[in-house]
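Here is what each chain is made of, one letter per residue.
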Amino acid sequence: MFKSLLFFVRYFLFWLIYFALDRFIFIFIFHKKLRSIPLSEKLATFYHALRLDFSMTAYIAVIPLLVYSFWYFTQRNSVSFNWVKKYNAAIIILFSIISVINFNIYREWGSKVNSRAIEFAIRTPNESLASGASSPIFLTLSVLLILLLVGLYLNFILIPKKIDYIKTPIGAKFAIIVLTLGFNFLLIRGGVGTAPNSQSMAFFSSHQILNHAALNTEWNLTSSILSSNTVKSNPYQYFDKQEADKEVANLFKVEKDTTISILKTQRPNVVIFILESFTADLTKTLGDADGITPNLDSAAKSGILFSQIYATGNRTDKGLIGSLTGFPTLGIGSVVKWPEKMQKLPAISQKLNRNGYNTSFYYGGESEFDNYKAFILSHNYEKLVDRNSFDKKDMNSKWGAYDGTVFTKQLTDANKSKQPFFSSILSLTNHEPFELPGKHKFGTSDNAQQFKSTAFYTDSCIGSYLKEAKKQAWYANTLFIFVADHGHLLPKGDHEIFEPQRYHIPLIFYGDVIKDEFKGKVFSETGSQQDIAATLLSQLNINHADFKWSKNLLNPYTKHFAYFSWDNGLGFIDNGHAVTFDNIGKSVLYNSNPKDAKQTTQILKSGKSYLQMVYEQFINL
């Protein structure tokens, strides 16, 4: 039996060699762009590519494995698998053509071949041919010939023509097939970890071209095609495009581009804590909760509190993008699923890095989860610390390292970092299954008690962090920003997904760098976590015009509104009046002031126009 399984060992070896050859050619073609990159980092692309290479090979192996499994339960001693050579040859030809197309598209677009490129070729073949006319014909044909000849030769020598079966008890056969198919499924998925395979699995470098080299071309194209239906047309076409665009433009129109200056310097260090599930209901300041977040409440009282801030969505990937790029949620989609689109969004880290800041990102879990890593490495974060940066002894929770370990690591690194620095910290302990390194302060009898306990733990880590940070020389010149990634059903358990209270989160600016007259100040106007970008950059006197969906909360002329969405639903809050809308049932689900029919109609128009134009931009990214 195990001798017959060597067929698949050789089968996998063949495809891994083929993908490595494809990658080598990619690096060779674009070697001029890689001159300044160390050889060791170039070679690292082959290692970081393995996970998606294995996944793509496992997809290809599904048909041979199923056929193998069928014949294994018969009485035959051997089976001809010569057809696999022909099956492979067809795929080799297809993949070789795709690779050549990818090289030429990358030369023109700077991104790998995707569904948009295929659609472009089908819809406008004449224009596609015209675009391809500038491609080097000799190089293109040479690369195609190399891939075909090497691929077909390796196919001939590595893939056996038949498989020999050894007589095995039926129970053992069943167990072996289950294990074999199960192992192949795990290769497709990427293992048993919390994060299934995504483009982020191949990302490892601050040089985007190396990330693209490591990213399996065919895996990426398949993923792009499967996701393409979401981006072909706008499912939220409520109004004429010009009318919706005008409505959104009016929301962001200000009489004067100015700001209230709250900082003592225009080049402070900035540390932003994006806190997992830290709904406003956890705090005494905003939710009247006792004893859960004493340190965050203290920071709110001695710093600047924005008391009416709302998350843009209900998941971390949406809150991460909203907080760091100012880009809104999309209703049924999330921009993190499309790295080629996500990398086109501006980010705070990019702006600050281009203005002399050292940038870093800290997360105790798998940075590949939901494509976080693809975002981080494509937006000028010079340093990424994730679960791979910690000892195994620190991996004590399902999600990775506890917040205390991560916060301490960032603090230690900050002491060695050149100023000014911008550091983002994404916490994780306050997430299901609500694990802790010690006892649960509020008990474990229900989820609400566990949730409050993990929130209390994260808050205590914030307190310890600030206590130690105050001893450091860089502290006096540092702005700390605390914001939640999203809200939560708990601890009260009575906020439905369509209710605005579910999205109410804290936003606090804190530190000695804040002018004394603003310490303890509360800004109670409605805003969003998306507004962090414009608000922060305005304080640093850095242009934020490219952050289209972010507004300056400290501009007295800014309109006071917030938008949020969930799967096929949206909410809009204008000066405290909140309305939520179900796009499937076409009905209002929540209205905080139903007596004001005129204002309700206007808020609905603003919210619908907002979502329509956000999705329109997403399609065109």
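Parameters at a glance
Residues numbered from 1 in each chain as written. Predicted model: local features only at pLDDT ≥ 70, side-chain atom pairs only at ≥ 80, totals over all residues. Heavy atoms only, no water. Buried < 20%, exposed > 50% of the residue type's maximum accessible area, 1.4 Å probe, protein only. Helix = DSSP H or I, 4+ residues; strand = E, 2+ residues; numbered from the N terminus. Pairing = 2+ DSSP bridges. Axes fitted to C-alpha atoms, helices over the stretch in contact; angles between N-to-C directions. Contact = heavy atoms within 4.5 Å. Core = buried A, V, L, I, M, F, W, Y, C linked by side-chain atoms within 4.5 Å. Polar contact = N/O pair within 3.5 Å; in protein donor to acceptor, adjacent residues only side chain to side chain.

Caption draft 1: Broad picture of helix H15 (residues 316-325). Buried residues dominate H15, accounting for ten of its ten residues. Taken residue by residue, H15 has Thr 316, Asp 317, Lys 318, Gly 319, Leu 320, Ile 321, Gly 322, Ser 323, Leu 324 and Thr 325 as its buried positions. Gly 326, located one to two residues past H15, shows a positive phi value of around 75 degrees.

Caption draft 2: Region of interest: the sheet that holds strand E5 (residues 358-363). The eight strands are arranged E6-E5-E7-E3-E8-E9-E4-E10 in an open sheet whose pairing can be described as mixed. With one partner strand each, in any of the chains shown, strand E6 (383-385) and strand E10 (522-528) form the two edges of the open sheet. Along the sheet, successive strands turn relative to each other by an average axial angle of 15 degrees, direction set aside. Pairing between strand E3 (residues 269-275) and strand E7 (residues 421-426): five bridges, direction parallel. Looking at E7, one finds that Val 271 is bridged to Ser 423. Contacts from helix H14 (residues 294-302) reach E3, strand E4 (304-310), strand E8 (478-484) and strand E9 (504-510) within the one sheet, and its direction differs from that of E9 by about 60 degrees.

Caption draft 3: Looking closely at the sheet that holds strand E13 (residues 577-582). Taken together, the four strands give an open sheet; going across it, the order is E11-E12-E13-E14, and neighbouring strands pair in antiparallel fashion. Of all the strands in the sheet, the pair left with one neighbour each is strand E11 (561-566) and strand E14 (587-591). Taking each pair of neighbouring strands and ignoring which way they run, the sheet shows an average axis angle of 20 degrees. Running at roughly 125 degrees to strand E12 (residues 569-574), helix H22 (residues 597-620) makes contact with E11, E12, E13 and E14 of the sheet.

Caption draft 4: Just the side chain of Ser 427, in detail. Within the element layout of this structure, Ser 427 appears in the loop between E7 and helix H20 (447-469). A relative accessible area of 2% means that Ser 427 is categorised as buried. The contact partners of Ser 427, leaving out residues within four places of it in the chain, are Ile 274, Leu 275, Glu 276, Tyr 363, Asp 403, Phe 407 and Thr 458.

Caption draft 5: Representation of the nonpolar core within the structure. Counting 182 residues, the largest nonpolar core has Trp 15, Tyr 465, Phe 480 and Phe 482 as the members making the most contacts within it. Per-element accounting of this core gives the leading share, 14 residues, to helix H1 (residues 2-29). Beyond its immediate chain neighbours, meaning those up to four positions away, Tyr 465 contacts Val 271, Phe 273, Phe 407, Gln 410, Leu 411, Trp 474 and Phe 480. Formed by eight residues, the second largest nonpolar core is a distinct cluster that contains Tyr 310, Tyr 503, Phe 564 and Tyr 590.

Caption draft 6: Layout of the environment of Ser 565. When you line up the elements, Ser 565 lands in strand E11. With a relative accessible area of 0%, Ser 565 lands in the buried category. For the pair Ser 565 and Val 335, spaced 230 residues apart in sequence, the C-alpha to C-alpha distance is 13 Å. The residues contacting Ser 565, other than those within four sequence positions of it, are Thr 312, Gly 313, Asn 314, Thr 329, Leu 330, Gly 331, Tyr 503 and Leu 570. In terms of polar contacts, Ser 565 uses its side chain to reach the side chain of Thr 329, at 2.6 Å. Here Tyr 563 takes part through its side chain, which lies 3.4 Å from a polar atom of the side chain of Ser 565.

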